[in-house]
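As a plain string of letters, each chain reads:
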Amino acid sequence: QVQLVESGGGLVQAGGSLRLSCAASGSIFSIDAMGWYRQAPGKQRELVARIISGGSTNYADFVKGRFTISRDNAANTVYLQMNSLKLDDTAVYYCNVNARVSSGSYVYYYWGQGTQVTVSS
């Protein structure tokens, strides 16, 4: 079993910054990818940013130049630095980890509990 613990959400004014963290623990053999998704009220969950084991990243167009995803492989932790926050960034942010629990196992997809980010004017 793999557990994800998220932290760092909160209330911030437009133009401000927040940093999200997500630490994975448990029966982890290896992690293929880690990422952040978000879901605003009445909308579908959408990808924000993703980083794979080799360090390559991809971002949604709406966060390019404002958000940065990074990863501490030794600590199985992924971060999302969010700068120049906008009102539209208000959402619940979910951590996602694609991990193997043993050599040769399938890749399993795990989700965090979500952390609220609210951007005010």
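Below, the structure is looked at part by part. This structure is a prediction, so every number in the text was calculated from the model and none was measured.

Along the chain, the regular secondary structure elements total 0 helices and 11 strands. When the helices and strands of the chain are placed in sequence order, the string is β-β-β-β-β-β-β-β-β-β-β. In summary, the chain has a C-alpha radius of gyration of 14 Å against a globular reference of 14 Å for 121 residues, a match within 12%. Projecting the C-alpha coordinates of the chain onto the three principal axes gives extents of approximately 50 × 25 × 25 Å. Here the chain holds 121 residues, and 41% of them are scored as buried. Sequence separation of at least 24 residues holds for 55% of the intrachain contacts in the chain that already meet a minimum separation of 6. Here the chain displays about 6300 Å² of accessible surface, and carbon together with sulfur accounts for 47% of that area. Charged side chains in the chain number 10 positive and 7 negative. The centres of these two groups are separated by 2 Å.

Right, let's get into unusual backbone geometry. For Asn76, which is not glycine, the phi dihedral falls at a positive 50 degrees. Considering the arrangement of structural elements, one finds Asn76 in the loop between β7 (67-72) and β8 (77-82).

The next thing to look at is the pairing of strand β4 (residues 30-39). β4 sits mainly inside the fold: 7 of its 10 residues count as buried. Sheet analysis places β4 next to strand β9 (residues 91-100), joined by 9 bridges and oriented antiparallel. Residue Tyr37 lies in a different strand from β9, and its bridge partner there is Tyr94. One ladder, built from 6 bridges, connects β4 with strand β5 (residues 46-52); its direction is antiparallel. Residue pairing for β5: Met34 is matched across the bridge by Ile51. Here β4 folds back onto β5, and the loop between the two strands holds 6 residues, one of which, Gly42, carries a positive phi near 80 degrees.

So, on to the state of the cysteines. Overall, the coordinates contain 1 disulfide when judged by the stated rule. Bridging Cys22 to Cys95, the disulfide has an S-S length of 2.1 Å. Here Cys22 and Cys95 share a disulfide; its torsion about the S-S bond, -80 degrees, makes the bridge left-handed. Here Cys95 lies in strand β9 and Cys22 lies in strand β3 (residues 18-26), a separation of 73 residues in the sequence. Like Cys22, the residue Cys95 is buried in the burial classification.

Once that is clear, we can look at the nonpolar core. The biggest cluster of nonpolar side chains holds 31 residues, and the ones touching the most others in it are Trp36, Leu80, Met82 and Tyr93. Breaking this core down by element, the ones donating at least two residues are β1 (2-7), β3, β4, β5, β7, β8, β9 and β11 (115-120). For this core, the leading source of residues is β9, giving 5 residues. Discounting residues that sit within four places of it in the chain, Met82 has contacts with Gly16, Ser17, Leu18, Leu20, Arg66, Phe67, Tyr93 and Val117.

Cut-offs and rules
Residues numbered from 1 in each chain as written. Predicted model: local features only at pLDDT ≥ 70, side-chain atom pairs only at ≥ 80, totals over all residues. Heavy atoms only, no water. Helix = DSSP H or I, 4+ residues; strand = E, 2+ residues; numbered from the N terminus. Rg over C-alpha atoms; globule rule 2.2 N^0.38 Å. Buried < 20%, exposed > 50% of the residue type's maximum accessible area, 1.4 Å probe, protein only. Contact = heavy atoms within 4.5 Å. Areas by Shrake-Rupley, 256 points an atom, 1.4 Å probe, with all protein chains shown as cover. Lys, Arg positive; Asp, Glu negative; His and termini not counted. Charge placed at Lys NZ, Arg CZ, Asp CG, Glu CD. Pairing = 2+ DSSP bridges. Disulfide = S-S within 2.5 Å. Core = buried A, V, L, I, M, F, W, Y, C linked by side-chain atoms within 4.5 Å.

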